[in-house]
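# Observations on the three-dimensional arrangement
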Amino acid sequence: MNKTELNHNKQLPSKEERHQLFGSVNPGPRTKPVDKDKMADLQNSKKDFLFDIDMVGISNVKHPIRIPSKLTPEIQTTIGTFSFGSSIVKGSKGTNMSRFTEQLDKYHNEGFAIDIATLKGFTEELAGRLKEKDAEVEVHFPWFFERKGPYSDLAGMNYADATIRDEYREETGHDVTVTLTGKITTLCPCSKEISEYSAHNQRGNVSMTVTLTDDFDEQEIDWKAALLEAAESNASARIHPVLKRPDEKMVTEQAYENPRFVEDIVRLVAADLYELEFVEAFSVTCRNEESIHLHDAVATLSYDKKQEAE
Ligand SMILES: Nc1nc2c(ncn2[C@@H]2O[C@H](COP(=O)(O)OP(=O)(O)OP(=O)(O)O)[C@@H](O)[C@H]2O)c(=O)[nH]1
């Protein structure tokens, strides 16, 4: 391959001169300490600062993470978006924000895999590092899973959005909630009923937030796969990355045979979540991106199995 001829005839000032040209100035006199021990530590000031703070921390922290999965691919690297925090009492001015990312890096160097046991350990250790009685950690990530065409068996990659949130309190321990938002096909029952032929359909977003029971065994059950199944198995049809014509025919006919309103979806998914032993409480929302409107249709349902027992 021929080397491209580039024109380098222009004589530029040095980089330092260029910076000066654009306004950089020489450093002024330095009077403040550079040793950490001698620096002011404002955030650690102790005084009556009027109010306790429920949560202070950092959010929107992007970091590579490893995810275990019972669906293929069983180990995957993805991007996690974290938030970290803890409460502080009115006698303290501020938190020590560097300690959140300091601990994240420590876990990263130890091969941070985002399972619930590891995340609980992380939150508890964070409370200790901050010298607080509580801490909370939330991580949000795209979770990928292989999906095959129903007839051709040709595979491709789908994903759902997953969130794990752990709230730790020294007196009460951990509260773990997980959220999965997956996409489904829904076909409108009304449209099917009133039309001579066809029925409009839409892409539905099903979001399930679940409080896990204390004895949830993640070695046994992948909560992500279980929630995905609750959403997809109640849909008019599943969504596929690769569909050949025989697959497309099957998916289209299946959707026509299983029409669903948003109300039908939240009730049917609720029934599945109700039956799952590891689910203590849940909320489920379905939001359909309507194909015959510019707006979305939406329904939400919440249920707490503990209240039922009382
Ligand atoms: N508390 C608090 N810190 C902030 C805020 N905004 C930025 N920071 C950052 O907090 C960092 C300092 O973190 P600290 O953990 O208190 O640092 P440090 O005292 O040297 O660390 P330790 O020895 O672990 O206490 C600096 O990088 C600040 O920029 C804020 O609104 N509140």
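Keep in mind that this is a model prediction, so the values were computed, not measured. (Residues numbered from 1 in each chain as written. Predicted model: local features only at pLDDT ≥ 70, side-chain atom pairs only at ≥ 80, totals over all residues. Heavy atoms only, no water.)

## Comments concerning the sheet that holds strand 4 (residues 155–169)
Convention followed: In this scheme, strands are said to pair when DSSP sees at least two bridges between them. A helix here means a DSSP run of H or I that spans at least four residues, while a strand means a run of E at least two residues long, and both kinds are numbered starting from the N terminus. All axes are obtained by fitting lines to C-alpha atoms, using only the stretch in contact for helices, and the reported angles, taken between N-to-C directions, cover 0 to 180 degrees. Contacts were defined at the residue level, with two residues in contact if any of their heavy atoms lie within 4.5 Å.
With antiparallel pairing, eight strands are arranged side by side in an open sheet as 1-2-3-4-5-6-7-8. Looking at strand neighbours, the two that pair on one side only are strand 1 (53–68) and strand 8 (296–304), the edges of this open sheet. In this sheet, adjacent strand axes meet at a mean angle of 15° when their direction is disregarded. Here strand 5 (residues 173–187) runs beside strand 6 (residues 201–212); their pairing, made up of eleven bridges, is antiparallel. Note on strand 6: the bridge partner recorded for G182 is V206. In the packing of helix 3 (residues 116–130) onto the sheet, the strands contacted are strand 2 (75–88), strand 3 (134–148), strand 4, strand 5 and strand 6, and the crossing angle to strand 3 comes to about 155°.

## Examining the site of the ligand
Applicable threshold: To be near a molecule or strand, a residue needs just one of its heavy atoms within 4 Å of it. Here a polar contact is recorded for every N or O atom pair within 3.5 Å, except that within protein the pair must consist of a potential hydrogen donor and a potential acceptor, and residues adjacent in sequence are included only if both atoms are side-chain atoms. The classification used treats Ala, Val, Leu, Ile, Met, Phe, Trp, Tyr, Cys and Pro as nonpolar, Asp, Glu, Lys and Arg as charged, and all other residues, Gly among them, as polar.
Near the ligand you find K36, D41, Q43, T95, N96, M97, S98 and R99, and these make up its full shell. N96 is positioned with one of its side-chain polar atoms (N or O) 3.0 Å from an oxygen atom of the ligand. Within the side chain of S98, an N or O atom sits 2.5 Å from an oxygen atom of the ligand. Residues of the shell around the ligand, tallied by class, amount to one nonpolar, four polar and three charged.

## Some words on the pattern of salt bridges
In plain terms, the rule: Each salt bridge in this description consists of a side-chain nitrogen of Lys or Arg and a carboxyl oxygen of Asp or Glu lying within 4 Å of one another. Residue exposure (1.4 Å probe, protein chains only): buried if accessible area is under 20% of the type maximum, exposed if over 50%, otherwise partly exposed.
Per the counting criterion, the structure on display carries 15 salt bridges. Taking the shortest distance from any N to any O, the salt bridge between K106 and E125 comes out at 2.7 Å. Of this pair, K106 sits in helix 2 (residues 98–109) while E125 sits in helix 3; the two residues are 19 residues apart in sequence, bridging distant segments of the chain. Judged by relative accessible area, E125 falls into the partly exposed class, the value being 29%. A salt bridge links E232 to R147, with the nearest nitrogen and oxygen atoms 2.7 Å apart. With a gap of 85 residues between them, E232 in helix 5 (residues 223–232) and R147 in strand 3 connect regions that are remote in the sequence.

## Quick word on the packing of helix 2 against helix 3
Selection rule: Orientation is classified from the angle alone, with under 35 degrees giving roughly parallel, over 145 giving roughly antiparallel, 65 to 115 giving roughly perpendicular, and any other angle giving oblique. Note on convention: near helix rotated counterclockwise from far helix by under a right angle means a left-handed crossing. Clockwise means right-handed.
In contact at an axis separation of 10 Å, helix 2 and helix 3 are set at 140° when each is read in the N-to-C sense. Of the possible angle classes, the one that applies to helix 2 and helix 3 is oblique. The chirality of how helix 2 crosses helix 3 is right-handed. Residues R99, F100, E102, Q103, L104, K106 and Y107 of helix 2 lie in contact with helix 3, whose contacting residues are T118, G121, F122, E125, L126, R129 and L130. The class makeup of the residues in the contact of helix 2 with helix 3 is six nonpolar, three polar and five charged.

## Structural notes on the UniProt feature "site: May be catalytically important" (unreviewed entry) in the protein chain
Short version of the rule: UniProt positions are given in the numbering used here, feature names are shortened, and annotations may be inferred rather than shown by experiment.
Those residues carrying the UniProt feature "site: May be catalytically important" (unreviewed entry) are C188 in this numbering. Note that C188 resides in the loop between strand 5 and helix 4 (189–194). Those residues in contact with C188, other than ones at most four positions away along the chain, are A199, H200, Q202, P259, R260 and F261.

## Quick notes on the pairing of strand 7 (residues 279–289)
Bridge count between strand 6 and strand 7: ten bridges; the pairing is antiparallel. Pairing of M208 across the sheet is with V284, part of strand 7. Pairing of strand 7 with strand 8 involves nine bridges; the strand directions are antiparallel. If you follow R287 over to strand 8, its bridge partner there is V298.

## Focus: the side chain of D222
Structurally, the position occupied by D222 is in the loop between strand 6 and helix 5. Setting aside residues up to four positions removed in sequence, D222 forms contacts with S69, K70, L71 and W143.

## What about a negative patch on the surface?
Just so we agree on the cut-off: The patch calculation keeps residues exceeding 30% relative accessible area without a salt bridge and links them within 9 Å when they carry like charges or within 5 Å when they are nonpolar (Val, Leu, Ile, Met, Phe, Trp, Tyr). The accessible surface values rely on the Shrake-Rupley method and a 1.4 Å probe; as for residues, cover is taken only from the protein chains in view. For the purpose of counting charges, residues Lys and Arg are taken to be positive, whereas Asp and Glu are taken to be negative. His and the chain ends are not included. In plain terms, the charge of a residue is placed at NZ if it is Lys, CZ if Arg, CG if Asp and CD if Glu.
Taken together, the side chains of D175, D214, D215, D217, E220 and E277 make up a negatively charged region of the molecular surface. Accessibility expressed as a relative area gives 64% for D215, which makes it exposed.

## A few points about the pairing of strand 5
Relative to strand 5, strand 4 runs antiparallel, the two being bridged by nine bridges. In the sheet register, T163 faces strand 5, and the bridge partner there is T179. Linking strand 4 to strand 5, which pair antiparallel, is a turn of three residues.

## Notes on the packing of helix 5 against helix 7 (residues 262–275)
The relative placement of two packed helices comes down to the angle between their axes together with the axis-to-axis distance. Two elements in contact, helix 5 and helix 7, have axes separated by 8 Å at closest approach and are oriented at 145°. Like other packed secondary-structure pairs, helix 5 and helix 7 cross with a definite hand, here right-handed. For the pair helix 5 and helix 7, contact is made by L227, A230 and A231 and by V269, D272 and L273, respectively. Looking at the contact of helix 5 with helix 7 residue by residue, the classes come out as five nonpolar, no polar and one charged.

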